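# Architecture at a glance
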Amino acid sequence: MQVSKSFKTLIFLELSIPVALLTLGIYHGLMQTIFRAGVLQQAAFAKLEYYQGLTLHGVINAVVLTTFFAVAFGHATMAFYMKKEPNKMIAWTSFSFMAIGTVLAAWAMLAGKASVLYTFYPPLKAHPFFYLGAALLIVGSWLPLFNWARMYVQWKRGNPTTKTPLAVLGTLINFIIWFVCTLAVAYEVLVLLLPWSLGWTTTVNVTLARTLFWFFGHALVYFWLLPAYIMFYTMLPKLAGGKLYSDLAGRVALFLFLLFSIPVGVHHQYSDPSITQGVKFFQGMLTFGVAIPSFITAFTIAASLEYAGRKRGSKGWFGWMARLPYLDTRNYMFAYLICGLILFVFGGLTGIVNASYQLNNVIHNTSWLPGHFHMTVAGPVFLGIIGMSTYMYSTMSGRKIFMPKVNVIIPYLWTIGVLIFSTGLMWGGLLGEPRRTNLGMTYLNPKSELFRPDWVPTTTLALLGGIIMFIAGMLFIVVFFGAMFRKKNQVAELNLPVSEAYHDEKRIPLFDQFKPWLVTMVLILLIAYIPALMNVNKNTGPNAPAFTPDNPVPVQIINNK
Ligand code: HAS
């Protein structure tokens, strides 16, 4: 499909700005492993402090990159399937909000005035520009939903009995989840944090802020994940040389995400004393519910891949696995997606460990956690994003891939890095190694009384994985920007791989409309969150003053000394 120059420029900016920032994000990832392995035994390196680097790492990689990509990919998907470009004025306004927000937050972090990590939990306090930046980024990313909803309604009027394309359904569901969950974080930022940061209030309600954050925070992970799921369902079977085993399974999975993505945030607060056990138990059960669409996906995609392998002439039960196009340089998206799936097997299983109230007591706030989430957000999510960014840039600009052989190796290198890295972190976590801690200052410094020799092998393993991931990440940046210097030598068009369905399944109206699902979603949300907020209201102690991450004394007392 041919698209206008303005639309192309918009997509290129939405892809390339976060990829440029990723250089900083990846660098700070490597620095984390170096600090934690005790190679550096100091609070800062190259004038960037440990927590400042960790904040830059989390915010750039997990918030900025993912949000810009979701919007760019959503624009491409909607335009491709609806055969119509979104309204450009709305799209550019959305981009401007997101870009200004990113600049404000980046300034605050680089100036060392917002070392509050990507969860920006109070009582850590940031400069007002950080909160304002976050709010602008979020509001900017809301606008496309209204744009696409209009396109969808118009399309549906002309095609009332045609099944909504799965990719369109996924995009709309993802941004509805995003809109609903960000309402809570918008309240947290605008009503609790910004006035506190501006000095209009002196203390903050930490428990309320955390509960509002996690109303948003777990749905956030599915906002990251769903673009990758759209790729798994609508592209991977085709890339593998087969068909999608069941289109209906994809629809069921997507609608289940709509129901269960948000009312599970309390599973991040199992250790918070203000929330009672009943609420924790209920949201814990719903957390097992949110794993169901991923199990559906695992079986559906495995069946699709098996079909592809058999079509390619495989024999026996597992022969199909060997027949897939793992190293085909022209079909490189397959490599990115299959590696993401392999990592997600482990990311998903560790998620189920986290979800169990009892097991969570063992791993909460240990390095097990980053072990889990690097096999999810740095697994299918990151690999889907970087593979698709290269693909979209190359096809829409008409430029060939730079270093195609390296391009197809990157996901495997990254996967090996993540597997080593996460093994180190999770093994360490089981030995009690804390997350978000500059271990080189104490526990990994042999001169310290607190030295823990049993954490040397685990952090060294994580360092090794971190170095491999860093190399793969930098190679991606070279491949992505390298394409910009190549001559245009192919047709420039918006063209996404489209998987055919294996079965000709009839359209079931329930799985092709939003209303019943939205009503159920709201009901479950109310049942899950009214008691949680009542708990917070009843059991929260006094508000807290501001702290910095490296000092147990409130900022005001330090400043008065
Ligand atoms: Fe999680 C904490 C539970 C999924 C990200 N999670 C986090 C944090 C992040 C994160 C960033 O219950 C840390 C937040 C912080 O900073 O404090 N998580 C889960 C559960 C799932 C889950 C039950 N998480 C994700 C995804 C993420 C993500 C997805 C990012 C994208 N997580 C938790 C809990 C905590 C938590 C607790 C809080 C812990 C605490 O104490 O703080 C589920 O959605 C997982 C379901 C997934 C599956 C896997 C299905 C497998 C598939 C692959 C199939 C492979 C094939 C290939 C077909 C059941 C689909 C075959 C081909 C061949 C060739 C073999």
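Above this text sits the structure in question.
Description of the structure in this document. (Residues numbered from 1 in each chain as written. Predicted model: local features only at pLDDT ≥ 70, side-chain atom pairs only at ≥ 80, totals over all residues. Heavy atoms only, no water.)

## Examining the overall build of the chain
For the record, the criterion: Each helix is a run of DSSP H or I of at least 4 residues and each strand a run of E of at least 2, with the numbering of both proceeding from the N terminus. The cut-offs for exposure are 20% and 50% of the maximum accessible area for each residue type, with area from a 1.4 Å probe on protein chains only; residues under the lower value are buried, those over the upper are exposed, and the others partly exposed. Contacts were defined at the residue level, with two residues in contact if any of their heavy atoms lie within 4.5 Å. In short, Shrake-Rupley with a 1.4 Å probe defines the accessible areas, and a residue's cover is counted only from the protein chains shown.
The number of helices and strands found in the chain is 18 helices and 2 strands. Counting only C-alpha atoms, the chain reaches 70 × 45 × 45 Å along its principal axes. Counting across all 561 residues of the chain, residues that qualify as buried make up 60%. For the chain, the proportion of contacts with a sequence separation of at least 24, taken over those separated by at least 6, is 83%. With an accessible surface of roughly 22600 Å², the chain has 69% of that area assigned to carbon and sulfur atoms.

## Description of the environment of Gln283
The following threshold applies: Think of a polar contact as two N or O atoms within 3.5 Å of one another; within protein, one of them needs to be a possible hydrogen donor and the other a possible acceptor, and neighboring residues in sequence only count if both atoms come from side chains.
Counting through the fold element by element, Gln283 comes out in helix H9 (residues 277-311). Residue Gln283 is classed as buried on the basis of its relative accessible area, which comes to 0%. In the structure, Gln283 is positioned 242 residues away from Leu525 in sequence and 10 Å away in space, judged by C-alpha atoms. With residues up to four places along the chain from it excluded, the contact list for Gln283 reads Pro263, Val264, Gly265, Val266, Ala528, Tyr529 and Ala532. Within the structure, the side chain of Gln283 is placed 3.0 Å from the backbone nitrogen of Val266, a separation counted as a polar contact.

## Focus on the site of the ligand
As a reminder, the rule being used: Here a residue is near a molecule or strand as soon as one of its heavy atoms is found within 4 Å of it.
Neighbouring the ligand are 33 residues; Tyr118, Tyr222, His364, His372 and Arg435 lie closest to it. Asn354 has a polar backbone atom sitting 3.5 Å from an oxygen atom of the ligand. Ala355 is positioned such that a nitrogen or oxygen atom in its backbone is 3.2 Å from an oxygen atom of the ligand. Residue assignment for the shell around the ligand shows that the elements contributing at least two residues are helix H6 (206-234), H9, helix H11 (332-355), helix H13 (368-374) and helix H14 (377-397).

## Regarding the nonpolar core
Note the cut-off: What we call a nonpolar core is a set of buried Ala, Val, Leu, Ile, Met, Phe, Trp, Tyr and Cys residues that are connected through their side-chain atoms within 4.5 Å.
Counting residues in hydrophobic clusters, the biggest one holds 176 residues, and the most contacted among them are Phe130 and Met388. Every residue in contact with Met388, bar those within four places of it in the chain, is listed here: Phe69, Phe73, Met231, Met235, Met333 and Leu496. By size, the runner-up hydrophobic cluster in this structure holds 11 residues, among which are Phe35, Tyr51, Leu117 and Leu463.

## Considerations on the coordination of the iron atom of the ligand
Put simply, the rule reads: Ligating atoms shown are N, O and S within 2.8 Å of the metal, or 3.2 Å for Na, K and Ca, and water is not included, meaning a site may look less than complete.
For the iron atom of the ligand, the protein contributes exactly one donor atom, His372 (NE2), at 2.3 Å. With respect to the element layout, His372 can be found in helix H13.

## Concerning unusual backbone geometry
Following Pro122, the chain continues into Pro123 via a peptide bond in cis, with omega recorded as 10°. Mapped onto the elements, Pro123 comes out in the loop between helix H3 (88-110) and helix H4 (128-158). In this structure, Ala46 takes a positive phi of about 50° despite not being glycine. With a phi close to 65°, Lys47 is a non-glycine residue in the positive phi region. Examined against the element boundaries, Lys47 turns out to sit in the loop between strand S1 (44-45) and strand S2 (48-49). Note on Lys47: relative accessible area 83%, which makes it exposed.

## Observations regarding the environment of Gly348
Positionally, Gly348 belongs in helix H11. Gly348 sits in the partly exposed class, given a relative accessible area of 23%. Separated by 139 residues in the primary sequence, Gly348 and Lys487 place their C-alpha atoms 42 Å from one another.

## Some remarks on the side chain of Thr211
Assignment of secondary structure puts Thr211 in helix H6. The exposure class of Thr211 is buried, given its relative accessible area of 1%. When neighbours within four sequence positions are excluded, Thr211 is seen to be in contact with Gln269, Ile275, Tyr529, Leu533 and Val536.

## Here we look at the side chain of His57
With respect to the helices and strands, the residue His57 is situated in helix H2 (residues 50-82). A polar contact of 2.8 Å, which involves the side chain of His57, links it to the backbone oxygen of Gly25. Contact partners of His57, with chain neighbours within four places excluded, come to Gly25, His28, Gly29, Ala62 and His374.

## Quick notes on a nonpolar patch on the surface
Selection rule: Residues enter patches when they are more than 30% accessible in relative terms and free of salt bridges; like-charged ones are connected within 9 Å and nonpolar ones (Val, Leu, Ile, Met, Phe, Trp, Tyr) within 5 Å. Salt bridge, as applied in this entry: a Lys or Arg side-chain nitrogen positioned within 4 Å of an Asp or Glu carboxyl oxygen.
On the surface, Ile342, Val345, Phe346 and Leu349 cluster together into a nonpolar patch covering about 360 Å² of accessible area. Tracing the backbone shows Leu349 in helix H11.

## Observations regarding the pattern of salt bridges
Evaluation of the coordinates by the stated rule reveals 11 salt bridges. We note a salt bridge from Lys88 to Glu85, for which the minimum N-O separation is 3.0 Å. Residue Arg452 pairs with Asp454 through a salt bridge whose shortest N-O separation is 2.8 Å. By relative accessible area, which is 30% here, Asp454 ends up partly exposed. Residues joined by salt bridges that share partners form a network here, namely Lys156, Lys163, Asp247, Arg251, Arg507 and Asp512.

## Some words on the packing of aromatic side chains
Any pair of aromatic rings gets described here by the distance separating the centres and the angle formed by the planes. Here is the rule we go by: Any two rings among Phe, Tyr and Trp, with Trp reduced to its six-membered ring, count as a pair given centres within 6.5 Å; such a pair is stacked if its planes are under 30 degrees apart, edge-to-face if over 60, and tilted if neither. Whether a charge sits over a ring comes down to the Lys NZ or Arg CZ being within 6 Å of the ring centre and within 35 degrees of the ring normal.
Per the counting criterion, the structure on display carries 46 aromatic pairs. Here the aromatic rings of Tyr229 and Tyr233 are separated by 6.5 Å at their centres, their planes lie at 65°, and the arrangement is edge-to-face. A residue pair is termed a helical-turn pair when its members lie 3 or 4 positions apart in one helix, as Tyr229 and Tyr233 do in helix H6 at 4 residues. Note on Tyr233: relative accessible area 2%, which makes it buried. A connected cluster of aromatic rings, assembled from ring pairs, spans Phe120, Tyr121, Phe130, Tyr131, Trp148, Phe175, Trp178, Phe213, Trp214, Phe216 and Phe223. Between Lys83 and the ring centre of Phe80, over which it is positioned, the NZ or CZ distance is 4.6 Å.

## Some words on helix H8 (residues 247-260)
Heads up, the condition is: Between the first and last residue of a helix there are one fewer steps than residues, each counted as 1.5 Å, and that sum is the expected span.
The end-to-end C-alpha separation of H8 is 20 Å, in line with the 20 Å expected for 14 residues at 1.5 Å each. For H8, a buried count of 12 out of 14 residues is recorded, marking the element as mostly surrounded by other parts of the structure. Here H8 has its buried residues at Asp247, Ala249, Gly250, Arg251, Ala253, Leu254, Phe255, Leu256, Phe257, Leu258, Leu259 and Phe260. Looking at the packing, one finds that the buried side of H8 touches helix H5 (166-197), H6, H9 and helix H17 (515-539). Its side-chain oxygen 3.4 Å from the backbone nitrogen of Leu248, Ser246 forms the N-cap of H8.

## Things to note about the packing of H2 against H5
Our working definition: Angular values range over 0 to 180 degrees, each being the angle between N-to-C directions of two axes fitted as lines to C-alpha atoms, with helices fitted over their stretch in contact. Should the near helix be turned anticlockwise from the far one by less than a right angle, the crossing is left-handed, and should it be turned clockwise, the crossing is right-handed. When residues are sorted by character, Ala, Val, Leu, Ile, Met, Phe, Trp, Tyr, Cys and Pro go into the nonpolar class, Asp, Glu, Lys and Arg into the charged class, and all the rest, Gly among them, into the polar class.
Running from amino to carboxyl end, H2 crosses H5 at an angle of 145°, the nearest separation of the two axes being 9 Å. Handedness of the H2/H5 crossing: left-handed. Here Thr67, Ala70, Val71, Gly74, Thr77, Met78, Tyr81 and Met82 of H2 lie close against H5, whose contacting residues are Ala167, Val168, Thr171, Leu172, Phe175 and Trp178. Taken together, the residues of the contact of H2 with H5 sort by class into 10 nonpolar, 4 polar and no charged.

Honestly, it's all geometry; don't read function into it.
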